[in-house]
Amino acid sequence: MVAKTKKQAYFAHLEECLKTYKRAFIVHADFVGSKQISDIRIALRGKAELVFGKNTMVRRCLRNMCAAADAAGDPHPEWMAIVDVMKGNLGFMFTNGELDDLEKVVKEFVKPAAAKAGVLAPVDCFIPKGPTGLDPAQTSFFQALNIATKINKGTIEIINDTKVLTEGVKVGSSEAALLVKMNVKPFEYGLVVHYVYEGGVFDPSVLKITDSILLAKFMEGVGSVAALSLAIGMPNAASVPHLMMNAVKEIGRASCRERV
């Protein structure tokens, strides 16, 4: 009974958010700790609302909302578009403000993290040559990874720069243990924007589109319309300025011929 009540409350809250907020980030939250999420919520106060839930619940809620909206003659295909992308550890960052503000918060709360055994390495990791600060009793960690070392002034020293982790390859227990021993945190984890929701679901690359880019694309389109219109002799808003300029030039040339 309690579980059912919580589910109904979640459905009501998600529905309210989708109806209240105009836009959202759909964010990926793998390896993001509860304290990190809490800090992000605090930073978003007054700007946005962070909502997480099981994908099955989210999809069911969205389907119910779409069915009710269709029956009422007020379809919302943009809600249904979210259903197709709800795969993995995803959540919503709802707002009526600017997405740029949310993007700043997302970037701010990215924290370094230790390598975990069994996890795919998101980046390459190298250990530079030189002293490690570890005592000779720790030599076995380096031997397990075939890392050449020597003892210098009572501590282990790595002879050559060594690649310990490769991007896209699982982290082994030996690599993870060694990096922990050396207090190396090669990874960074935080919320990752996977999709942008605003009247539909879009790739986050749309965030890179600026007003200057839009204006340049618009002017490029106007230029193409004008060229086509001039070629076929069709006067319109795009070609008339060019026709007038050509007419003025022609008048100038005719005037020069008369003087001659």
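In what follows, the structure referred to is the one given above.
Reading the values: the criteria
- Residues numbered from 1 in each chain as written.
- Predicted model: local features only at pLDDT ≥ 70, side-chain atom pairs only at ≥ 80, totals over all residues.
- Heavy atoms only, no water.
- Helix = DSSP H or I, 4+ residues; strand = E, 2+ residues; numbered from the N terminus.
- Buried < 20%, exposed > 50% of the residue type's maximum accessible area, 1.4 Å probe, protein only.
- Contact = heavy atoms within 4.5 Å.
- Areas by Shrake-Rupley, 256 points an atom, 1.4 Å probe, with all protein chains shown as cover.
- Pairing = 2+ DSSP bridges.
- Axes fitted to C-alpha atoms, helices over the stretch in contact; angles between N-to-C directions.

Q: What is the right way to look at the overall build of the protein chain in this model?
A: Across its full length, the protein chain holds nine helices and 12 strands. The proportion of buried residues among the 260 residues of the protein chain is 32%. For the protein chain, long-range pairs separated by at least 24 residues make up 75% of all intrachain contacts whose partners lie at least 6 apart in sequence. Working note: accessible area of the protein chain is about 16,100 Å², and carbon and sulfur atoms make up 57% of it.

Q: Can you help me understand the sheet that holds strand 8 (residues 155–158) in this one?
A: Within a sheet, each strand pairs with its neighbour through backbone hydrogen bonds, oriented either parallel or antiparallel. Ordered in space as 6-8-7, the three strands form an open sheet in which the pairing is antiparallel. The strands lining the two open edges of the sheet, one partner per strand, are strand 6 (130–131) and strand 7 (149–152). Bridge analysis of strand 6 against strand 8 gives two bridges, and the strand direction is antiparallel. The residue of strand 8 that forms the bridge with G130 is I158.

Q: For this particular structure, what's the right way to read the sheet that holds strand 11 (residues 192–197)?
A: Strand order in the open sheet formed by five strands is 2-3-1-11-12, with antiparallel pairing between adjacent strands. Pairing within the sheet leaves two strands with one partner each, and these edge strands are strand 2 (49–52) and strand 12 (201–202). Here four bridges tie strand 2 to strand 3 (residues 90–95), and the two strands are oriented antiparallel to one another. Of the residues in strand 3, the one forming a bridge with L50 is M93. Across the sheet, helix 5 (residues 99–108) is in contact with strand 1 (23–28), strand 3 and strand 11; its angle to strand 1 comes to roughly 20°.

Q: What am I meant to see in the pairing of strand 1 here?
A: On any regular strand, side chains alternate: one points to one face of the sheet, the next to the other face. Taking burial as the measure, the six residues of strand 1 include six buried ones, the bulk of the element. Here strand 1 shows a buried face lined by R23, F25 and V27 and a second buried face lined by A24, I26 and H28. Pairing of strand 1 with strand 3 involves six bridges; the strand directions are antiparallel. The residue of strand 3 that forms the bridge with V27 is G91.

Q: Which parts of the structure should I look at to understand the pairing of strand 7?
A: Here strand 7 pairs with strand 8 via four bridges, running antiparallel. In the strand pairing of strand 8, K150 is matched with E157. Between strand 7 and strand 8, which follow one another and run antiparallel, lie two residues, and K153 among them has a positive phi close to 55°.

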